[in-house]
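Residues per chain are reported as follows:
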Amino acid sequence: MTFARKRVAAVAAMAVAAALALAGCADTGTSGGGSTGDAGSGSSENLAITFLPKNLGNPYFDTSSKGGKAAVDELGGTFAEVGPAEATPDAQVSYINTATQQGVGGLVVSANDPKAICDALNEARDAGVKVVTFDSDTNADCRDLFINQATSDGIAKAQVDLITEQIGDSGEVAVLSASANATNQNTWIEKMKELLAADHPNVQLVEVVYGDDDDQTSFDKTAALLQSHPNLKGIISPTTVGIAAAARYLSTSDYKGKVALTGLGTPNQMREYVKDGTVTAFALWNPEDLGYLAAYATAALIKGEITGKEGDTFEAGKLGSFTVGEDATVLLGDPYVFKADNIDDFDF
Ligand code: RAM
């Protein structure tokens, strides 16, 4: 899978590139090498860095791992990606234990549950592994750093703005989420509820359902939502798996163009549904940059350049300099809105 923009040279794309910091993305494969040993070139640093997404087979994580691998390659380290087939709360534990036994230098994890993997992560840390969460955090005492794609407030507001514009700011909406314990989605949903209550009194959130970041489950939950809520005017799906499955359902149903769908999606998965009129606009950040930043941050911890305390700064290759904020969190940037007039500028 490539991540080159289709219209690289277009002047018009420059604002977009600035917004997402897409420029200069390296184009390398995603497959990992071995995950053990001292990979630091000529030094004693153990730059064996293993990525552990929520689950495998999700294009979002394929893209974040691609960015991670590019960064680890630049750093002269050894990249690996491992992960479960299903995004269940403790499915990652065995992979964490294996990486610890292998003696990796760093683990980069998107958590399916804020607590379920904490013991395993803390055992890894006790054994000297630097633990960085990205995309979906654990509790703060189970990791050294969290790389956040955008502020939770910003991600929630982008989706609330999109759905309320699309339904005319009144009527019933529902959420099709990922797995029930996912830290990231649950945080965004809470914030969306607050925003709807405060600023959109005529919009009712009637149900939150969970597709488990599984395509078929998400598809079936979309059908069920539409059946149980005949007056539904819109669906927010804050997961790339969910929004793509919901769009596929809507696109061949009588609800196409009548029930609005927005949320967080990848341009490549959503393109056909924007073009066929099922979806008007949705949001995301750049998953490749997220993985790239997470890998650089992990390396900075391994090298002892940072410890994760507020104010620590480090360099992240082509993305420039970053500063650790509150709660040992590093922020990538802002969410970005994709629609018919810009979706062809992106390839991920
Ligand atoms: C899915 C995953 C991931 C989330 C994106 C938006 O790919 O749930 O954690 O950040 O959607």
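As a reminder, the structure under discussion sits directly above these lines.
In the structure shown here, the tally under the stated rule is one disulfide. For C118, the disulfide goes to C142, at an S-S distance of 1.9 Å. Its S-S torsion of approximately 75° makes the covalent link between C118 and C142 right-handed. Note that C118 is positioned in helix α4 (residues 118-126) and C142 in the loop between β4 (130-134) and β5 (145-148), a separation of 24 residues in sequence. Pair check on accessibility: C118 and C142 agree, each one buried.

Another point: the sheet that holds strand β9 (residues 260-263). In spatial order, the strands read β7-β6-β8-β9; together these four strands make up an open sheet with parallel pairing. With partners counted over all chains shown, the strands left at the sheet margins are β7 (203-210) and β9, one partner each. Here the strands of the sheet are splayed against their neighbours by 25° on average, with no regard to which way each runs. Sheet topology note: the strand β8 (residues 232-237)/β9 ladder contains four bridges and is parallel. In the sheet register, I236 faces β9, and the bridge partner there is T262.

Before going further, it helps to spend a moment on the site of the ligand. In the vicinity of the ligand lie 16 residues, with K54, D135, Q185, D213 and T240 positioned nearest. At 2.5 Å from an oxygen atom of the ligand is found a side-chain nitrogen or oxygen belonging to D135. Measuring from an oxygen atom of the ligand, one finds a side-chain N or O atom of T240 at 2.6 Å. For the ligand, whose accessible area on its own is 290 Å², the fraction buried by protein is 100%. When contributions to the shell around the ligand are tallied by element, the ones reaching two or more residues are α2 (59-74) and α6 (183-199). Looking at the shell around the ligand, the element that brings in the most residues is α6, giving three residues. Taken together, the residues of the shell around the ligand sort by class into seven nonpolar, six polar and three charged. Split by domain, the residues of the shell around the ligand number at least three in each of domain 1 (3-150 + 286-341) and domain 2 (152-284).

Ranked by internal contacts, the top residues of the largest apolar core, which has 69 residues, are L145, I147, L293 and F314. Looking at this core, you find at least three residues from each of domain 1 (3-150 + 286-341) and domain 2 (152-284). When neighbours within four sequence positions are excluded, L145 is seen to be in contact with V131, V132, T133, A297, L301, I306, G308, V324, A328 and V330. With 15 residues, the next largest nonpolar core counts I96, A99, L107 and A124 among its residues.

With that settled, consider the sheet that holds β5. Reading across from one edge, β2-β1-β3-β4-β5-β13 is the order of the six strands in this open sheet, with parallel pairing throughout. Across the chains shown, the open sheet's two edge strands, defined by having one partner strand only, are β2 (78-81) and β13 (329-331). Direction aside, the axes of adjacent strands within the sheet are offset by 20° on average. Bridging between β5 and β13 involves three bridges; their strand directions are parallel. Across the sheet, residue F146 finds its bridge partner in β13, namely T329.

Thresholds, definitions, all that
Residues numbered from 1 in each chain as written. Predicted model: local features only at pLDDT ≥ 70, side-chain atom pairs only at ≥ 80, totals over all residues. Heavy atoms only, no water. Disulfide = S-S within 2.5 Å. Helix = DSSP H or I, 4+ residues; strand = E, 2+ residues; numbered from the N terminus. Buried < 20%, exposed > 50% of the residue type's maximum accessible area, 1.4 Å probe, protein only. Pairing = 2+ DSSP bridges. Axes fitted to C-alpha atoms, helices over the stretch in contact; angles between N-to-C directions. Near = heavy atom within 4 Å. Polar contact = N/O pair within 3.5 Å; in protein donor to acceptor, adjacent residues only side chain to side chain. Areas by Shrake-Rupley, 256 points an atom, 1.4 Å probe, with all protein chains shown as cover. Nonpolar A, V, L, I, M, F, W, Y, C, P; charged D, E, K, R; others polar. Domains from an automatic or database assignment. Core = buried A, V, L, I, M, F, W, Y, C linked by side-chain atoms within 4.5 Å. Contact = heavy atoms within 4.5 Å.

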